[in-house]
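Understanding the architecture of this molecule
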Amino acid sequence: MRNCRGSFLACCVLLLASLAGGESLPPEKKNNCTYSVTIETTCTKGADTSNHVSLRFGDTNSNDILVRHLNSKHVRRVDPLDPVVLDDMPRKPFQACVVDEFQVNGQCVESPICYLYLKLSGTDDWRPGFAQVKVLEGSHLSSNYFIFRRYLPRHVWNGVDVCDREVTPFGIKHKRKAFVKKPSKF
């Protein structure tokens, strides 16, 4: 009986080795894309902030891009009526009546961007007007405008999610989105 078990085990090991045959699974493909994020700060008194702002956006396939300190990604100030660059001088972002553009790198989305959340850390108030994310590698994946026009609460994610909505007789039903901490890649 022991001899049968040993032979069976040896056959299983040989079978697994022959199936693997030097083949390995292809590594998971994680392409990086470049995103241009445009955020307007409204003209209301006290709408500007010097605090850190974090950004989270993604698509319906749970491709979640997180930017912890968006302030450091500031590229330029743009004219909201004409997408001409007003200046390339480094300036403090999130000033009242200003549209700022940021450049962010992250994993590529597979479907159009359908949610965007902002988080304000600090003691200032901030009142963003709109935000938009453009995918530089594929404009068909870019988002529409996400409208805020309200002061953001501090230290919590606040935003707009238009992913996976379903119209029911009782109103619009949204799937609940839970953000999971991803392991760091150190």
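The structure we're discussing is the one just above.
Residues numbered from 1 in each chain as written. Predicted model: local features only at pLDDT ≥ 70, side-chain atom pairs only at ≥ 80, totals over all residues. Heavy atoms only, no water.

**A few points about the state of the cysteines**
- Here the structure, examined in full by the defined rule, presents three disulfides.
- Covalently, Cys 33 is tied to Cys 108 through a disulfide, its sulfur atoms 1.8 Å apart. Because the sign of the S-S torsion sets the handedness, a value of about 100° for the bond joining Cys 33 and Cys 108 places this disulfide among the right-handed ones. With Cys 33 in strand β1 (residues 32-41) and Cys 108 in the loop between β6 (98-107) and β7 (115-121), the pair connects residues that are 75 residues apart, well separated along the chain.
- With its sulfur 2.1 Å from that of its partner, Cys 43 forms a disulfide with Cys 97. Within this pair, whereas Cys 43 is found in the loop between β1 and β2 (52-58), its partner Cys 97 is found in the loop between β5 (85-87) and β6, the two being separated by 54 residues in sequence.
- Ordering the disulfide-forming cysteines of the protein by sequence position, one finds them joined as 1-4, 2-3, 5-6. (Disulfide = S-S within 2.5 Å. Helix = DSSP H or I, 4+ residues; strand = E, 2+ residues; numbered from the N terminus.)

**Digging into unusual backbone geometry**
- Here Phe 94, not a glycine, exhibits a phi torsion of approximately 65°, which is positive.
- As for its placement among the helices and strands, Phe 94 is situated in the loop between β5 and β6.
- With a phi close to 65°, Cys 97 is a non-glycine residue in the positive phi region.
- The class of Cys 97 is partly exposed, set by a relative accessible area of 45%. (Buried < 20%, exposed > 50% of the residue type's maximum accessible area, 1.4 Å probe, protein only.)

**Topic: the packing of aromatic side chains**
- Taken as a whole and judged by the stated rule, the model has five aromatic pairs.
- The interplanar angle of 25° and the centroid separation of 5.4 Å between the aromatic rings of Phe 94 and Phe 102 together place this pair among those described as stacked.
- Overall, the relative accessible area of 0% leaves Phe 102 in the buried class.
- Here Tyr 115 and Tyr 117 contribute two aromatic rings whose centre-to-centre distance is 5.9 Å and whose plane-to-plane angle is 50°, an arrangement assigned as tilted. The two residues Tyr 115 and Tyr 117 agree in class, both being buried.
- In textbook terms, an aromatic cluster arises when at least three aromatic residues are bridged by ring pairs, as seen for Phe 94, Phe 102 and Trp 126.
- Across the ring face of Trp 157, the terminal group of Arg 56 is positioned such that the distance to the ring centre comes to 5.1 Å.
- Lying across the ring of Tyr 151, Arg 127 places its NZ or CZ 5.9 Å from the centre. (Phe/Tyr/Trp six-rings, centres within 6.5 Å; stacked < 30°, edge-to-face > 60°. Lys NZ or Arg CZ within 6 Å of the ring centre and 35° of its normal.)

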